[in-house]
Amino acid sequence: QVQLVESGGGLVQAGGSLRLSCAASGSSFSFYVMAWYRQAPGKQRELVATISTGSVTNYADSVKGRFTISRDNAKNTVYLQMNSLKPEDTAVYYCNAQSPVDVAYWGPGTQVTVSS
């Protein structure tokens, strides 16, 4: 069982930056594939970025070059550094953990609002 708690969301002007954090409880964090998703009002939840157990990263085309996902296994934490934010990045951002047996865990989400 893994519990996830996101932090770091808030209100920022377009062009600004935020860093989201997701702290995971429990052991074996290093064995989980971690990801960030987001859901804007009236839209489906979409994948933003993933990081494998070996720290291989993948990004949605819409955030490539602006967002960076990273993990610190010693702190059981995954991060999402978001730069050059745009109003269309406004959404609730969710942390996701995928176990080696494909069980998915979700955090409650953190709101990111980018003003124009």
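K.L.:
Just to check I follow, could you spell out the state of the cysteines for this structure?
P.N.:
In a disulfide, the sulfur atoms of two cysteines are held together by a covalent bond. Tallying each qualifying case throughout the model produces one disulfide. Each disulfide pairs two cysteine sulfurs, and for C22 the partner residue is C95, the sulfurs being separated by 2.1 Å. Judged by the sign of its S-S torsion, about -85°, the cystine formed by C22 and C95 is left-handed. Highlighted residues: C22 in strand β3 (residues 18-24) and C95 in strand β9 (residues 91-98), separated in sequence by 73 residues. For the pair C22 and C95, one class covers both residues: buried.

K.L.:
I'm lost on unusual backbone geometry in this one. Help?
P.N.:
Working note: non-glycine residues mostly have negative phi, and peptide bonds are mostly trans. Backbone geometry at S55 places phi at a positive 65°, although glycine is not the residue there. Secondary-structure assignment places S55 in the loop between β5 (46-51) and β6 (57-59). Residue S55 is classed as partly exposed on the basis of its relative accessible area, which comes to 42%. Of note, the phi angle at D102 is positive, near 65°, even though the residue is not glycine. When you line up the elements, D102 lands in the loop between β9 and β10 (104-106).

What counts, and where the lines are drawn
- Residues numbered from 1 in each chain as written.
- Predicted model: local features only at pLDDT ≥ 70, side-chain atom pairs only at ≥ 80, totals over all residues.
- Heavy atoms only, no water.
- Disulfide = S-S within 2.5 Å.
- Helix = DSSP H or I, 4+ residues; strand = E, 2+ residues; numbered from the N terminus.
- Buried < 20%, exposed > 50% of the residue type's maximum accessible area, 1.4 Å probe, protein only.

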